[in-house]
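Next come the chains, spelled out residue by residue.
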Amino acid sequence: MSAPPLPGRRWPFVLRAPGKAILFGEHAVVRGRTALVMALDRGTEVAFEPRRSPGGLYVNGLPWHELGNPYLAEAVRRFPGWGEKDVSLTVRSQLPRASGLGSSAAFTVGLVAGFLLPEGEVARDRLARESYRIERSAQGVGSPVDTSASAAGGVLAVGARSRDDELWALPPEEGSPGFHVSRVNAPPWAWAAAYSGVAKATGLVVRRVGEVFNTSRGEEILEAIDRVAREGERALGREDRQEIGHLLTENHRLLQELGASHPRLESLVEAARPFVEGVKLTGAGGGGSVLALPREGQEALLLKAWARAGGVPYRLSVSPAGAGPRGEALPVGDHPDHVPGL
Ligand code: PMV
């Protein structure tokens, strides 16, 4: 399966970029092992409009450099001239920040797509590559998992191993292996996540976990996570819900051993257990969110249990589409309507 390019156009336009949830393999992917990631039906929109008065690039009503946003600063640095363009950006997100659900990747991909579109058609591998470089420079560490999911949509396998069926490859960056990105079967399942309310700091947790990886037990955990992710790809192919659940729970146990969990994540995992096939922390951890595959018919009970346990619950499904132009704006607000009626 391919990923069709984005058709070029001039502003005004609105770009919508999906967030992501990592099913298997976070942290191990930084060392080139396999991770599976899905693009979410929640995301971030970036509206591009001409500004009537001069003054350069404005974002949400402020000159871009006054925002102090590292992703924006890095994007402007890599696309010379954009800081001086009289363009106004409005950014709206359905994802809480620093929640492990890909809000910064979606923002970066939306931004880069908007910077590239006026030049003409944008190939998705280029969008993924430029966005990965920006995210990595802004964070100091990391893999192309989040930005690839937002650029491509669907469910992806990402790792250092090359494959015949790959969508695209990303060349090695300083201190990081090259990566290969392939599409994986995406069953039409209902997923759910809960944000713990504790903002995570990816760079910090990746460095802490890196110290565990450097021990002999760390090496075994790396291989175990890789095995779980590869079995996960096969189980998604068979649409085997029970096996996916079992593997999610197994991956969580390995992430606990790496020290990536947090007491708030553990209470969300415990609250979920009666209603799910499996549950794990998703993303860097140390805060952020948990992801679960609810048992069929148990979604509403799961969301209620999470809300009672103090989490911010979301129903989720896979977005088959990656970033692209949209006509309609999202509702205003940071992360509205997560659980209507609760
Ligand atoms: O930033 P997060 O929470 O989505 O974490 C990403 C997953 C890691 O594997 C920990 C880092 C990476 O860039 O792959």
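In case you missed it, the structure is sitting above this.
Everything numeric in this text was worked out from a predicted model, so none of it was measured. (Residues numbered from 1 in each chain as written. Predicted model: local features only at pLDDT ≥ 70, side-chain atom pairs only at ≥ 80, totals over all residues. Heavy atoms only, no water.)

### Digging into the overall build of the chain
Note the following rule: Numbered from the N terminus, helices here are DSSP runs of H or I no shorter than four residues, and strands are runs of E no shorter than two. C-alpha atoms define the radius of gyration in this analysis, and the globule rule sets the expected value at 2.2 Å times the number of residues to the power 0.38. Whether two residues are in contact is decided by their heavy atoms, any of which lying within 4.5 Å being enough. Surface exposure here means Shrake-Rupley accessible area, sampled with a 1.4 Å probe, where a residue is shielded only by the protein chains that are shown. Within this scheme the basic residues Lys and Arg register as positive and the acidic residues Asp and Glu register as negative, but His and the chain ends are omitted. Lys charges are placed at NZ, Arg charges at CZ, Asp charges at CG and Glu charges at CD.
Along its length, the chain carries nine helices and 13 strands. The C-alpha atoms of the chain give 19 Å as radius of gyration, which agrees with the globular expectation for 342 residues (20 Å, within 12%). Looking at the chain alone, contacts between residues at least 24 apart form 76% of all its contacts between residues at least 6 apart. Counting only carbon and sulfur atoms, one obtains 49% of the accessible surface of the chain, whose full area is about 13,700 Å². Computed over 40 positive and 39 negative side-chain charges, the inter-centroid distance for the chain is 3 Å.

### Observations concerning the packing of aromatic side chains
Threshold: Ring pairs are drawn from Phe, Tyr and Trp, using the six-membered ring of Trp, whenever the two centres fall within 6.5 Å, and their geometry is named by plane angle: stacked under 30 degrees, edge-to-face over 60, tilted for the rest. When accessible area is computed with a 1.4 Å probe and restricted to protein chains, residues below 20% of their type maximum are described as buried, those above 50% as exposed, and intermediate ones as partly exposed. In this scheme, Lys NZ or Arg CZ marks a charge over a ring once it lies within 6 Å of the ring centre and within 35 degrees of the ring normal.
With the rule as written, the count across this model stands at eight aromatic pairs. A ring pair is formed by Phe 48 and Phe 115, whose centres lie 6.3 Å apart and whose planes are at 90°; its orientation type is edge-to-face. Taken together, the positions of Phe 48 in strand β2 (residues 35-50) and Phe 115 in helix α2 (residues 103-116) put the pair 67 residues apart, joining distant regions of the chain. For the pair Phe 48 and Phe 115, a shared accessibility class is recorded, and that class is buried. Consider the rings of Trp 189 and Trp 191, whose centres lie 6.1 Å apart with planes at 45°: the pair is tilted. By the burial criterion, Trp 189 is buried, and Trp 191 matches it. Put simply, the rings of Trp 11, Phe 13, Phe 48, Phe 79, Trp 82 and Phe 115 pair up and form one aromatic cluster. Lying across the ring of Tyr 58, Arg 51 places its NZ or CZ 3.7 Å from the centre. Positioned above the aromatic ring of Trp 82, the side-chain terminus of Lys 85 is 5.1 Å from the ring centre.

### Things to note about the site of the ligand
Keep this limit in mind: The criterion for a residue being near a molecule or strand is simple. One of its heavy atoms has to lie within 4 Å of it. As used in this structure description, the phrase polar contact means that two N or O atoms lie within 3.5 Å; if the pair is within protein, one of them must be able to donate a hydrogen and the other to accept it, and residues adjacent in sequence are counted only when both atoms belong to side chains. Residues are grouped as follows: nonpolar covers Ala, Val, Leu, Ile, Met, Phe, Trp, Tyr, Cys and Pro; charged covers Asp, Glu, Lys and Arg; every other residue, Gly included, is treated as polar.
Taken together, 15 residues lie near the ligand, and Lys 20, His 27, Ser 143, Thr 202 and Ala 284 sit nearest. Lys 200 is positioned with one of its side-chain polar atoms (N or O) 2.8 Å from an oxygen atom of the ligand. Compared with its free state, where it exposes 380 Å², the ligand has 98% of that area covered by protein. When residues of the shell around the ligand are traced back to their parent elements, those giving at least two are β1 (13-24) and α5 (202-213). Of the residues belonging to the shell around the ligand, the class tally is five nonpolar, six polar and four charged.

### Describing the pairing of β2
Formally: Two strands form a pair only when DSSP identifies at least two bridges running between them.
Counting buried residues along β2, 13 of its 16 residues qualify, which places the element largely inside the surrounding structure. Pairing of β1 with β2, which is carried by 10 bridges, proceeds in the antiparallel orientation. Within β2, the position partnered with Arg 16 by the bridge is Glu 45. Where β2 lies against strand β5 (residues 87-93), seven bridges are found, and the strand directions are antiparallel. Each bridged residue has a counterpart across the sheet, and for Glu 49 the counterpart in β5 is Ser 88.

### Details of the pattern of salt bridges
Stated formally: Salt bridges are identified by distance alone: a Lys or Arg side-chain nitrogen within 4 Å of an Asp or Glu carboxyl oxygen.
Under the defined criterion, the tally for this structure stands at 22 salt bridges. The shortest N-O distance in the salt bridge between Glu 219 and Arg 33 comes to 3.5 Å. Residue Glu 219 is found in helix α6 (residues 216-238), and its partner Arg 33 is found in the loop between β1 and β2; the two are separated by 186 residues along the sequence. Under the relative-accessibility criterion, Arg 33 is labelled buried at 17%. The residue Arg 230 makes a salt bridge to Asp 226 at a minimum N-O spacing of 3.3 Å. Highlighted residues: Arg 230 and Asp 226, both in helix α6, separated by four residues, approximately one helical turn. A residue is classified by how much of its surface remains accessible, and Arg 230, at 37% relative accessible area, is partly exposed.

### Some details on the packing of α6 against helix α7 (residues 241-257)
Axis angle and axis distance: for two packed helices, these are the angle between their axes and the distance between the axes, and together they describe the pair. Just so we agree on the cut-off: In this analysis, axes come from line fits to C-alpha atoms, helices being fitted only over the stretch in contact, and the angle between any two N-to-C directions falls in the range 0 to 180 degrees. In this scheme, roughly parallel covers angles under 35 degrees and roughly antiparallel covers those over 145, while 65 to 115 is roughly perpendicular and the rest are oblique. Handedness of a helix crossing follows the sense of rotation of the near helix relative to the far helix, less than a right angle counterclockwise being left-handed and clockwise being right-handed.
With their axes 10 Å apart at the nearest point, α6 and α7 run at an angle of 160° to one another. By the angle between their directions, the pair α6 and α7 is classed as roughly antiparallel. Relative to α7, α6 is oriented so that their crossing is left-handed. Contacts between α6 and α7 involve Arg 217, Ile 221, Ala 224, Ile 225, Val 228, Glu 231, Gly 232, Ala 235, Leu 236 and Arg 238 from the former and Glu 243, Ile 244, Leu 247, Glu 250, Asn 251, Leu 254 and Glu 257 from the latter. In the contact of α6 with α7, the residues fall into nine nonpolar, two polar and six charged.

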